[in-house]
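Single-letter residue listing:
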Amino acid sequence: MANEQFAFDTIKVRGGYDPKQHNNASSVPIYQTASYDLGDTKRVAKLFSFSEFGYLYTRIGNPTVAVLEQRIAALDGAAGALAVGSGMAAVTYTLLNLTEGGGRILTTPQLYGGTIDSFKKIYPKFGIAIDQVENSADPDEFRKAIKPDTKAIYVETISNPNAVVADVETLANIAHKHGIPLVVDNTVATPYLLNPIKYGADIVVYSATKALGGHGNAIAGLIVESGKFNWANGKFPHFLEPYHTLRDINGKERNFLEVFPETPFLFRVRLNYLAYFGAALSPTDAYLILLGLETLSERVAKQVANTEKIVGYLEGQQGVSWIKHPAAKMSLYRQLAEKYLPKGAGSLLSFGFNGSNEQLDKFIDSVRIFSYQANLGDARSLIINSPKTTHGELTPTEQKLADISPDTIRLSVGLEDAADLIADLDQAFKKALAV
Ligand SMILES: *Cc1c(COP(=O)(O)O)cnc(C)c1O
């Protein structure tokens, strides 16, 4: 069904998979194999000159993983996708592939804690500078901060934990004016709520561990390429380097753009970073993510509805000093959410606990349905004190920059009954505020 134009909900169940090519199996088979028979030496000559496609070794490709890749590419309206062993591998491989040989990444302080920490600990040691705008709501700050060796703008479409909504279209235009790609982490939004490529994003990354899989049972990452960016514009000379491994059947060396004109970025990640840094996704985990994807729309729609009810409840609570979610009346991101997130702004929200540290701890310890966990996008509702956990790597100054105050509590709203969830929060507030 690859060439037909089906709607999102059809693709999420059937995209990238033809049962006829897999012994008519209805459910995507798990190809639990490390390696593949190569056939004969003539076939090997073709495989190694890229004139025939075939699987060699699961670290660089696997048929179960390939269904996941094709399905997510179709859902995102992209030229292709690459699955890797975690969301962090997706972020890191993407950014290293862009900045190889040095350069800068322009970003914001409002990011996933692991991403921020890697920016501090790893990239500078590889000769890559990280620049952060102060106010990510102001596109002019991005415009002014781009330097000649800036290689990408990197943002989260909905940030974690404060649900800051990125102005994707404006940022894409700014990036493209300077010949650089816009890279977005679309984990919190999911392709059901937002298609970043439609608004000009060039590379989209996901932690599929979160809402794409949706059941908290596998770690996985995805990198998606729009297929529209011109990697030959002079800013990315490493895409034009001829490689011995990319030689044609006559032994002539070629570059990634020549051999893979539709998705040169992804093949460069696959054959360099996935092949040699090696964070491959296991076929069984790919299967679990595929299973989760089948109900993505239904899950996210209900999670959004539950979230909006919980935001309404929190707005009337004396134990709450502020709420960060575009559905909240006080949100600064209502307008951007109206444009980019008409189906809802996701199931991640944070709020300020109006009480002492001791009472905040008591609140977390008193919930009975919400699980105290660092995951998000799960079918189960989760609660966490971000400053001490998911963003605990950050110094107090960095937490301030990221707009994470010590009173922050993050909720990831799941699929339980909304009234039960609200009653759970309510009894926890009562217990905490009585301390
Ligand atoms: C969890 C997360 C990641 C990292 O993903 P893993 O699968 O845990 O490696 C990256 N970005 C965001 C926004 C996340 O929530």
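All of these numbers come straight from a predicted model, not from anything done at the bench. (Residues numbered from 1 in each chain as written. Predicted model: local features only at pLDDT ≥ 70, side-chain atom pairs only at ≥ 80, totals over all residues. Heavy atoms only, no water.)

All right, on to the sheet that holds strand β10 (residues 371-372) then. An order of β8-β9-β12-β11-β10 is seen for the five strands of this open sheet, with the pairing classed as mixed. With one partner strand each, in any of the chains shown, β8 (320-324) and β10 form the two edges of the open sheet. One ladder, built from three bridges, connects strand β11 (residues 382-384) with strand β12 (residues 408-412); its direction is antiparallel. Residue Leu382 lies in a different strand from β12, and its bridge partner there is Ser412. The strands touched by helix α12 (residues 296-315) within the sheet are β8, β9 (348-353) and β12, with β9 carrying the most contacts at an inclination of about 10 degrees. Lying over the sheet, helix α16 (residues 418-433) contacts β8, β9 and β12, oriented at roughly 20 degrees with respect to β9. (Pairing = 2+ DSSP bridges. Helix = DSSP H or I, 4+ residues; strand = E, 2+ residues; numbered from the N terminus. Contact = heavy atoms within 4.5 Å. Axes fitted to C-alpha atoms, helices over the stretch in contact; angles between N-to-C directions.)

Turning our attention to the packing of aromatic side chains. This structure, assessed with the given rule, holds 26 aromatic pairs. Judged by centre distance (6.0 Å) and plane angle (35 degrees), the ring pair of Tyr93 and Tyr273 falls under tilted. Residue Tyr93 is found in helix α4 (residues 87-99), and its partner Tyr273 is found in helix α10 (residues 264-277); the two are separated by 180 residues along the sequence. The residues Tyr93 and Tyr273 share a single accessibility class, namely buried. Considering the side-chain rings of Phe353 and Phe363, the 5.4 Å spacing of their centres and the 45 degrees angle between planes classify their relative orientation as tilted. In this pair, Phe353 sits in strand β9 while Phe363 sits in helix α14 (residues 357-366), placing the two residues ten residues apart along the sequence. (Phe/Tyr/Trp six-rings, centres within 6.5 Å; stacked < 30°, edge-to-face > 60°. Buried < 20%, exposed > 50% of the residue type's maximum accessible area, 1.4 Å probe, protein only.)

By convention, interface size is frequently given as the accessible area that disappears when the constituent parts associate. If you check the domain split of the protein chain, you get domain 1 (15-292) and domain 2 (296-433). The centre of domain 1, based on its C-alpha atoms, is set 29 Å off from the matching centre of domain 2. Domain 1 puts 41 residues into the contact, and the matching count from domain 2 is 40 residues. Taken together, the two surfaces of domain 1 and domain 2 that pack against each other cover about 3400 Å², and 61% of this comes from carbon and sulfur. Note that Glu398 is salt-bridged to Lys120, the shortest N-O span being 3.0 Å. (Domains from an automatic or database assignment. Buried area = accessible area lost by both parts, 1.4 Å probe. Salt bridge = Lys/Arg side-chain N within 4 Å of Asp/Glu carboxyl O.)

In this section: the sheet that holds strand β1 (residues 80-84). The strand order across the open sheet formed by seven strands is β1-β7-β6-β5-β4-β2-β3, and the pairing between neighbours is mixed. The open sheet is flanked by β1 and β3 (128-132), the only strands paired with a single partner. Geometrically, the sheet is characterised by an average inter-axis angle of 20 degrees between neighbouring strands, direction not taken into account. Bridging between strand β5 (residues 182-185) and strand β6 (residues 203-207) involves three bridges; their strand directions are parallel. Each residue of the ladder has a partner; that of Asp185, found in β6, is Val205. Where helix α3 (residues 63-75) meets the sheet, its contacts fall on β1, β6 and β7 (221-225), and the angle it forms with β1 comes to roughly 135 degrees.

This paragraph deals with the pattern of salt bridges. Where charged atoms from two side chains of opposite charge approach closely, those side chains can pair. Per the stated rule, a full pass over the model turns up 16 salt bridges. With its nearest N and O atoms 3.7 Å apart, the salt bridge here joins Lys120 to Asp117. Of the two residues, Lys120 and Asp117 are both situated in helix α5 (residues 113-121); the distance of three residues between them amounts to about one turn of the helix. Lys120 gets classed as partly exposed once you look at its relative accessible area, which sits at 35%. Linked through salt bridges whose partners overlap, the residues forming this network are Asp117, Lys120, Lys121 and Glu398.

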